[in-house]
Amino acid sequence: MDGQDAVPRRVLAIYAHPDDPDVSCGGTLASWAAAGSEVHVCLCCDGDKGSGDPDVDGADLVARRHREVDAAGRTLGVYRHYWLGYQDGELDATAELCRRLVSLVRKVQPEAVLAPDPTAVFFGSNYVNHKDHRAVGWAVLDAVAPAAANPHYFPGTGPPCQVRTLYLSGTMEPDLWVDITACIDTKAAALACHASQIGEGGEWLRDVVRQRSEEAGQLAGVRYAEAFRRVVLG
Ligand SMILES: [Zn+2]
């Protein structure tokens, strides 16, 4: 497929909410993990507001969502998760978040970083991209270009790291598609682990994911794909 990248040896996916990476790039992570990539995933928020039930206990929900992430990670082949512990809706692209992300990038030393495209505000005419998604996207851009690569930014947070490639998901300007045909069932199985978000079963979500992956696949000339805006940094 045109534009298909080589599999990175080590990748770091940085997202806001516990189910975001699986929805946004679960097929890519599974595909790369199966090909030998070491896949690290950072979740900035705990998912404490991921329920419409006013009586749900926030701490119980957070504990449940951690377990769901563990199960989904095992399904995808995630090497390690990192939780930053912010509350849902309270993520801002602050210098503190940037420093924590720089510290993590320097610790993991990934070749590739995946994150939400912060420039996507509206999807179609009826959906506003969540503020936390935009905030983490901006913070990731600041953290990898140039902060993590320059020793004068946030000294004392580990050796500098030049991330080679950024893959931005949820983008209005895709220019790279990863073929996830072989991993579409793995992605669906990972999503099914997030039962607190989709209810038991989650057939509808699997249908939506399949449909979106099929649409991206049509643009890429394969059956199923995930779309990204790719930024080559080094
Ligand atoms: Zn989210």
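What comes next concerns the included structure. What you see is a predicted model; the values in this text were computed from it and never measured. (Residues numbered from 1 in each chain as written. Predicted model: local features only at pLDDT ≥ 70, side-chain atom pairs only at ≥ 80, totals over all residues. Heavy atoms only, no water.)

All right, on to the sheet that holds strand E2 (residues 38-45) then. Ordered in space as E3-E2-E1-E4-E5-E7-E6, the 7 strands form an open sheet in which the pairing is mixed. With partners counted over all chains shown, the strands left at the sheet margins are strand E3 (80-86) and strand E6 (176-179), one partner each. Averaged over all pairs of adjacent strands, the angle between their axes in this sheet comes to 25°, without regard to strand direction. Examined bridge by bridge, E6 and strand E7 (residues 225-232) share 4 bridges and lie antiparallel to one another. Counterpart to Val178 in the pairing with E7 is Glu226. The sheet strands contacting helix H3 (residues 95-108) are strand E1 (10-15), E2 and E3, and the helix crosses E3 at an angle near 170°. (Pairing = 2+ DSSP bridges. Helix = DSSP H or I, 4+ residues; strand = E, 2+ residues; numbered from the N terminus. Axes fitted to C-alpha atoms, helices over the stretch in contact; angles between N-to-C directions. Contact = heavy atoms within 4.5 Å.)

Let us look at the pattern of salt bridges. Overall, the coordinates contain 12 salt bridges when judged by the stated rule. Of the charged contacts, one joins Arg64 and Glu68 as a salt bridge, the two residues approaching to 3.4 Å between their closest N and O atoms. With Arg64 and Glu68 both in helix H2 (residues 58-76) and 4 residues apart, this pair spans about one turn of that helix. Taking relative accessible area as the criterion, Glu68 reaches 5% and is therefore assigned buried. (Salt bridge = Lys/Arg side-chain N within 4 Å of Asp/Glu carboxyl O. Buried < 20%, exposed > 50% of the residue type's maximum accessible area, 1.4 Å probe, protein only.)

Geometrically, a metal with four donors at the corners of a regular tetrahedron has ideal angles of 109.5 degrees, and one with six donors at the corners of a regular octahedron has ideal angles of 90 or 180 degrees. Looking at the zinc ion, the protein donor atoms are His17 (ND1), Asp20 (OD), Asp20 (OD) and His133 (NE2), and they sit 2.1 to 2.5 Å from it. The sequence pattern describing where the donors of the zinc ion fall on their chain is H-x2-D-x112-H. Assessed through its relative accessible area of 7%, His17 is described here as buried. With relative accessibility at 10%, the residue Asp20 sits in the buried group. (Donors = N, O, S within 2.8 Å, 3.2 Å for Na, K, Ca; no water.)

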